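Structural overview
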Amino acid sequence: MELKFTKMQGLGNDYIYINCFEAEINSPEALAIKLSDRHFGIGGDGIVLILPSNVADAKMRMFNIDGSEGKMCGNAIRCVAKYLYDYNIVAKEELTVETLSGIKTLSLYIENGAVENVMVDMGKAELLPEKIPVLLSGEGIIAEPVTIGTENYEITCVSMGNPHCVVFKDHIDDLDLPKLGPLFENSPLFPDRINTEFIEVVERNVLKMRVWERGSGETLACGTGACASAVAAVLNGYCEKNVDIQVHLLGGMLTIRYTDDTVWMTGGCAKVFEGTINI
Ligand SMILES: N[C@H](CCC[C@H](N)C(=O)O)C(=O)O
């Protein structure tokens, strides 16, 4: 079967997008593993299905490189908005996308008839341990000392619909993420596994971030991770609420604003190429 796809990226967090208004995908988990392979497939951090919705302008499902389904994806949802507008599926500059973490509202910034930047209402940050989930007790996990592998860390846990563990450290460029990442991802503390962000505080309201993603490994950027990290930085006193926080990732910069009502994320999105593949 010949399958049409569009390769898109948000800050280098690249996914293979499939228009399921047209195509039906029966086993997305296996397809994610096959298409994400950077040598034998198209190559990407996973796949994203764009589907019709009864409650929003469209529905999004995202699958990691290992085939596991993520409940929310910040970089991808901006690309989904771009896809819907640029391919004239939804001709609106404010649209809604249904995800496994609820319906998100997005505002599009259009240049020369195409979407360049998108602001997303990412919803409330969840801090209750049982809602992350993380097997620690308390009202919230903030700078909690734990042992991962053989090392001691202070972790702050936040859910943006998907689970995040944030660690503040200096010199994050020197971290051996291929070694550290899986220790966090597969720690018994996290029953659903975990996305882990390592954050260097550059100055007040300016963060530098690396991320080891559940199911995909180190990526160049993680939108939900940047939101979780900005929330964690406010909770730890490094950043302020209700102001723009700059999060610098390997693939570029996201602007995050943490308010009492929600977390706002603004960033870029781009189409790389489109094509067809026999599956
Ligand atoms: N890259 C995505 C997050 C993927 C999360 C996924 N790894 C999971 O939760 O399983 C982002 O931009 O938010």
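All values derive from a computational prediction rather than experimental measurement.

How each quantity is defined
Residues numbered from 1 in each chain as written. Predicted model: local features only at pLDDT ≥ 70, side-chain atom pairs only at ≥ 80, totals over all residues. Heavy atoms only, no water. UniProt positions renumbered as here; feature names shortened; annotations may be inferred. 1 Å grid on protein atoms, 1.4 Å probe; cavity = no way out; pocket = protein on both sides within 12 Å on 5 of 7 lines; lining within 4 Å. Helix = DSSP H or I, 4+ residues; strand = E, 2+ residues; numbered from the N terminus. Buried < 20%, exposed > 50% of the residue type's maximum accessible area, 1.4 Å probe, protein only. Contact = heavy atoms within 4.5 Å. Near = heavy atom within 4 Å. Polar contact = N/O pair within 3.5 Å; in protein donor to acceptor, adjacent residues only side chain to side chain. Areas by Shrake-Rupley, 256 points an atom, 1.4 Å probe, with all protein chains shown as cover. Sits in = over half its atoms within 2 Å of the grid points. Nonpolar A, V, L, I, M, F, W, Y, C, P; charged D, E, K, R; others polar. Domains from an automatic or database assignment. Phe/Tyr/Trp six-rings, centres within 6.5 Å; stacked < 30°, edge-to-face > 60°. Lys NZ or Arg CZ within 6 Å of the ring centre and 35° of its normal. Pairing = 2+ DSSP bridges. Points joined across faces, edges and corners; volume = space filled by probe spheres on them.

**Brief notes about the UniProt feature "active site" (unreviewed entry) in the protein**
In the UniProt entry, the feature "active site" (unreviewed entry) is given for Cys73 and Cys222. Spanning 150 residues, the named residues nonetheless gather at one spot, since no C-alpha pair among them exceeds 7.7 Å. In the annotated group above, the largest cavity draws its lining from Cys73 and Cys222. Position of Cys73 among the secondary structure elements: in the loop between strand S5 (69-70) and helix H2 (74-86). Among the residues examined, Cys73 registers a relative accessible area of 5% and is labelled buried. Apart from the residues lying within four places of it in its own chain, the contact partners of Cys73 are Tyr15, Met60, Met62 and Thr224. Structurally, the position occupied by Cys222 is in the loop between strand S14 (217-219) and helix H4 (223-235). Look at Cys222 and you get buried, because its relative accessible area is 4%. Once residues within four sequence positions are removed from consideration, Cys222 is found in contact with Asn13, Asn75, His164, Glu197, Met209, Val211, Glu213, Leu249 and Leu254.

**Structural notes on the site of the ligand**
As a matter of local geometry, the ligand sits amid 16 residues, with Gly74, Glu213, Arg214, Gly223 and Thr224 nearest to it. Here a nitrogen atom of the ligand sits 2.8 Å away from a polar atom, N or O, in the side chain of Asn13. Contacts to the ligand include Arg214, whose side-chain N or O atom sits 2.8 Å from an oxygen atom. Starting from 370 Å² of accessible surface for the ligand in isolation, the protein chains cover 100%. A molecule is said to occupy a pocket when more than half its atoms come within 2 Å of that pocket's grid points, and by this definition the ligand occupies the largest cavity. Secondary-structure elements contributing two or more residues to the shell around the ligand are strand S2 (13-19), strand S4 (58-64), H2 and H4. Split by residue class, the shell around the ligand holds five nonpolar, nine polar and two charged. When residues of the shell around the ligand are assigned to domains, at least three map to each of domain 1 (2-122 + 267-278) and domain 2 (129-261).

**Things to note about the packing of aromatic side chains**
Enumeration according to the criterion identifies five aromatic pairs in this entry. Geometrically, the ring pair formed by Tyr83 and Tyr87 is tilted, given 4.2 Å between the ring centres and 35 degrees between the ring planes. For Tyr83, a relative accessible area of 6% translates into the label buried. Taken together, a centroid distance of 5.0 Å and an interplanar angle of 65 degrees make the contact between Tyr153 and Phe184 edge-to-face. One end of the pair, Tyr153, is in strand S10 (residues 151-159); the other, Phe184, is in helix H3 (residues 177-185), with 31 residues separating them in the sequence. This pair shows no difference in class: Tyr153 is buried, exactly as Phe184 is. In this structure an aromatic cluster arises from ring pairing among Tyr153, Phe184 and Phe198. If you follow Lys241 out to its NZ or CZ, it ends over the ring of Tyr258, 4.7 Å from the centre.

**A look at the pairing of strand S1 (residues 2-10)**
Pairing of S1 with strand S18 (residues 270-278), which is carried by eight bridges, proceeds in the antiparallel orientation. Bridge assignment links Leu3 to a residue of S18, and that residue is Ile277. The pairing of S1 with S2 spans five bridges and is classified as antiparallel. Directly across from Thr6, in S2, lies its bridge partner Tyr17. Counting the residues that bridge the hairpin from S1 to S2 gives two residues, and of these Leu11 lies at a positive phi of roughly 55 degrees.

**Regarding the layout of surface pockets**
Of the pockets and cavities examined, the largest pocket occupies roughly 220 Å³. Around the largest pocket, the lining comprises 14 residues; the ones closest to its centre are Lys4, Thr6, Asn19, Glu22 and Tyr83. Going through the elements one at a time, S1, S2 and S18 are the ones with two or more residues in the lining of the largest pocket. With four residues, the top contributor of residues to the lining of the largest pocket is S1. Residue composition of the lining of the largest pocket, grouped by class: eight nonpolar, three polar and three charged. Of the volumes computed, that of the second largest pocket is approximately 170 Å³.

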